[in-house]
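An overview of the molecular structure
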Amino acid sequence: MSVVRSNFDTDITNTKLNYPKNNEHGDYASAIAMEVGKKIRKNPLEIAKEFQEQLEGKFSEIDRIEIAGPGFLNFYAKRKFFSRQIMRVHALSERWGWGDSFAGEEILLEYTSPNLFKPLHVGNLVGNIIGESIARLFETQGATLRRINYPSDIGLTVAKSVWGLQESDGDPKSINDLGSAYRFGNETYELDEEAKGGIEAVNQSLYTNDNTKITALWQQGKETSLAHLDKLCRQLGTRFDAVIFESEASPIGYALVHKHTGGKYGIFEKDDGAIIFQGEKNGLHTRVFINSQDLPTYETKDLGNFLLKQKKYPNWTRSITVTGNEQREYFQVIIAAIRAVFEIDNNHSLEHIATGFLTLAGGEKMSSRKGHVLTGESLLIDLQEEAVIRAKETRADDVQSLAQQIATAALKYQILRQTVGSNIVFNKKQAFSFEGDSGPYLQYSYARCLSVITKAKEIGIAHFEEDNSAVPNTVYPIERLVCRFEETVGTAVQTRSPHHLVTHLTEIASVFNSFYAVERIADASDPYAPYKVAITQSVAQTLKNGLWILGVAAPERM
């Protein structure tokens, strides 16, 4: 599109267009005349008229431009624009909605990263689901993604579990025993000074590796935790390219901090037996990197983790970490420290994406299975049981497989429908609704599309051909929504928030189901049937591609 400039030195063609809420007001709208009018104190209607005169005939896909209200410019697309877009969906197929805004970039995306030696916390579940969807969004825009998991396998939390295993004679090969051992160790640490000393001694031994019994318990517990974590991640559709453990990062970070303390670098400072980073120099807060016991803190381990990531993927352009909201200020300091230690230039982006907390809707109960804390595993088990009931109501051949797909869709939708960073209220009843505003509803709508397409084939409805098939004069609302999918994906990746996509897919499903209820799609006597089927195929492709970005399966029968 060529650049068009007005007498007000305004680049009109590069101005952002909006979608009117009412289709009678056009397919696209712009408030540029009012923006310019306010700036130069001139009547927006006069400015809009000048813009209209300059833009008329400039765009091959625009039928007409009208002025409305106080100076809105409303653009009406030609009928052929929509039919061509529907055919474009078919041509692009699995790549419909994809772009190249991050082509050539190598992105390190770290997410999930749980504390081992206990069941997966529901917060890690949230981080995994959001992280995986953001990874897929970047992939749709041409980026090379490196999915990284950074589990905590050393430190005081782990020491509490190992100590608890010793005291309770628990089985390190049982995830249930690991969870019980952690709870026992955590409670005892707060109440018993002698036990507290024992746990801290175990913590020292884990760092120094000077006790073979403790090391053996630790190794077995770690293997159990990782097997359990891998099973849950596979169920959620995540496979990591790299796993970096805190125990690996710890000595590397320890050496980095000491190297950059005082003297030549002076990034860190000694303070009362500890080593700190003076965040105030960067408008942040001070944090301890080496404590008074000469043990590395999480901060130091994060430095080591970054060095390991950088060595493994030296051509990275963005490094993004997804964690809970409570670590927002922590990561501001970590990013500042990383930039200082590694001398990161502005060509490399460091980001922290904060996620909200998940709570249950008022009155709902789910068994924790492992104590009083709702774990990620117990939530998934509870949803799976509900999903089996739902799956039995469908036409599925494999009820158990469909149940797992429905359970995952129900969970992911409820998490991804929220703006990233906001708290999530999980409503189980709503999560499993086949009537709208849920993951299973999107799946059901996709399966309905395929059913219509299959029926059309069976009765011999011809394929739509742009030059030879009939097209109704009126544009169906569903066509407009399908055409906006590409832009919605772009918005979601730029804002790092999949909720834009969730909202759009839900609207597509709703409007298609209304289209299905009113129109006879698979009707061989209808001259517009080939085009209606083509629209249905484009909806199916859009839903399938969108569900993939959300990390949700698209079952063919429901």
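Residues numbered from 1 in each chain as written. Predicted model: local features only at pLDDT ≥ 70, side-chain atom pairs only at ≥ 80, totals over all residues. Heavy atoms only, no water.

Another aspect to go through is the overall build of the chain. Helices and strands together make up the secondary structure of the chain, namely 19 helices and 13 strands. C-alpha extents for the chain along the principal axes are approximately 80 × 60 × 40 Å. Considering the chain as a whole, with its 558 residues, one finds that 54% of them fall into the buried category. Of the contacts formed within the chain by residues at least 6 apart in sequence, a portion of 71% connects residues at least 24 apart. Working note: accessible area of the chain is about 25,500 Å², and carbon and sulfur atoms make up 46% of it. (Helix = DSSP H or I, 4+ residues; strand = E, 2+ residues; numbered from the N terminus. Buried < 20%, exposed > 50% of the residue type's maximum accessible area, 1.4 Å probe, protein only. Contact = heavy atoms within 4.5 Å. Areas by Shrake-Rupley, 256 points an atom, 1.4 Å probe, with all protein chains shown as cover.)

Further remarks concern the side chain of E479. With respect to the helices and strands, E479 occurs in helix α16 (residues 477-483). One polar contact links E479 to Y531, side chain to side chain, over a distance of 2.3 Å. If near-sequence neighbours (up to four positions away) are discounted, E479 is found in contact with R79, F82, S83, I86, T474, Y531 and I535. (Polar contact = N/O pair within 3.5 Å; in protein donor to acceptor, adjacent residues only side chain to side chain.)

By size, the foremost hydrophobic cluster in this structure holds 112 residues, and its most contacted members are F138, L411, I478 and V539. F138 has contacts with F102, I107, A143, L145, I320, V493 and R496, leaving out every residue within four places of it along the chain. (Core = buried A, V, L, I, M, F, W, Y, C linked by side-chain atoms within 4.5 Å.)

With that settled, consider unusual backbone geometry. One non-glycine residue, D169, lies in positive phi territory at about 55 degrees. Structurally, the position occupied by D169 is in the loop between α5 (156-168) and α6 (175-191). With relative accessibility at 69%, the residue D169 sits in the exposed group. A positive phi angle is found at D294, which is not glycine, with a value near 65 degrees. In this fold, D294 is placed in the loop between β9 (287-290) and α10 (298-312).

Here the focus is the pattern of salt bridges. Going through the model one piece at a time under the given rule, you end up with 27 salt bridges. R84 is paired through a salt bridge with E61; the nearest N and O atoms lie 3.5 Å apart. Of this pair, R84 sits in helix α3 (residues 79-92) while E61 sits in the loop between α2 (44-55) and β2 (62-68), placing them 23 residues apart in sequence. The partner of R136 in a salt bridge is E132, with the nearest N and O atoms 2.7 Å apart. Here R136 and its partner E132 are both found in helix α4 (residues 122-140), 4 residues apart, which amounts to about one turn of the helix. On the basis of relative accessible area, R136 is assigned to the buried category, the value being 10%. We classify E132 as buried; its relative accessible area is 2%. It is possible to trace a salt-bridge network through shared partners that takes in E105, R318, E351 and R496. (Salt bridge = Lys/Arg side-chain N within 4 Å of Asp/Glu carboxyl O.)

On to the sheet that holds strand β3 (residues 72-77), then. Strand order across the open sheet formed by 3 strands is β1-β3-β2, with antiparallel pairing between neighbours. The sheet is open, and its two borders are formed by β1 (28-30) and β2, each paired with just one other strand. Averaged over all adjacent pairs, the angle separating strand axes in this sheet is 20 degrees, with direction ignored. Pairing geometry for β1 and β3, over 3 bridges, is antiparallel. Its bridge partner lying in β3, S30 is registered against L73. On the sheet, α2 packs against β2 and β3 and is oriented at approximately 170 degrees with respect to β2. (Pairing = 2+ DSSP bridges. Axes fitted to C-alpha atoms, helices over the stretch in contact; angles between N-to-C directions.)

Turning next to the sheet that holds strand β8 (residues 274-277). Spatially, β7-β8-β9 is the arrangement adopted by the 3 strands of the open sheet, whose pairing is antiparallel. Of all the strands in the sheet, the pair left with one neighbour each is β7 (269-271) and β9. Each strand of the sheet is rotated relative to its neighbour by a mean of 50 degrees, with strand direction disregarded. By the bridge criterion, 3 bridges tie β8 to β9 in an arrangement that is antiparallel. When the sheet's bridge partners are listed, I276 is paired in β9 with V288. Taken strand by strand, helix α11 (residues 328-342) contacts β8 and β9, and its axis lies near 55 degrees from that of β9.

Bringing the packing of helix α12 (residues 376-391) against helix α13 (residues 399-416) into the picture now. In a packed pair of helices, the relevant descriptors are the angle between the two axes and the axis-to-axis distance. Contact pair α12 / α13: the axes reach a minimum separation of 8 Å and the direction vectors enclose 125 degrees. Here α12 lies oblique to α13, going by the angle between them. When you trace α12 past α13, the crossing you get is right-handed. Residues L379, L380, L383, Q384, A387, V388 and A391 of α12 touch α13, and the partners they reach there are V399, Q400, L402, A403, Q404, I406, A407 and L411. Class assignment of the residues belonging to the contact of α12 with α13 gives a composition of 12 nonpolar, 3 polar and no charged. (Parallel < 35°, antiparallel > 145°, perpendicular 65-115°, else oblique. Left-handed = near helix turned anticlockwise from the far one by under 90°. Nonpolar A, V, L, I, M, F, W, Y, C, P; charged D, E, K, R; others polar.)

Turning next to α12. Taking 1.5 Å of rise per residue, the 16 residues of α12 would be expected to cover 22 Å, and the 22 Å separating its terminal C-alpha atoms lies within 8% of that figure. Residues G376, E377, S378, L379, L380, D382, L383, Q384, A387, V388 and A391 constitute the buried set of α12. On its buried face, α12 is in contact with α4, α8 (212-236), α13, β13 (424-426) and α14 (428-431). (Expected span 1.5 Å × (residues − 1).)

All right, on to the state of the cysteines then. Summed over all chains, the structure comprises 0 disulfides. Unpaired in terms of disulfides, C483 finds its nearest cysteine sulfur in C449, a separation of 15 Å. (Disulfide = S-S within 2.5 Å.)

The subject of this paragraph is the environment of A249. Counting through the fold element by element, A249 comes out in helix α9 (residues 246-259). Linking A249 and Q220, residues 29 residues apart in sequence, is a C-alpha distance of 20 Å. Filtering out sequence-adjacent residues up to four positions away, A249 remains in contact with Y150, K301, G304, N305 and L308.

With that settled, the discussion passes to the packing of aromatic side chains. Taken as a whole and judged by the stated rule, the model has 18 aromatic pairs. Residues Y476 and F515 carry aromatic rings whose centres are separated by 5.0 Å and whose planes lie at 70 degrees to one another, so their mutual orientation is edge-to-face. Within this pair, whereas Y476 is found in the loop between α15 (439-458) and α16, its partner F515 is found in helix α18 (residues 499-518), the two being separated by 39 residues in sequence. Exposure class is identical for Y476 and F515. Each is buried. Among the aromatic side chains, those forming a connected cluster through ring pairs are Y476, F512, F515 and Y516. Over the face of the ring belonging to Y189 we find K160, whose NZ or CZ atom lies 4.7 Å from the ring centre. The aromatic ring of Y19 is capped on one face by R484, whose charged end is 4.0 Å from the ring centroid. (Phe/Tyr/Trp six-rings, centres within 6.5 Å; stacked < 30°, edge-to-face > 60°. Lys NZ or Arg CZ within 6 Å of the ring centre and 35° of its normal.)

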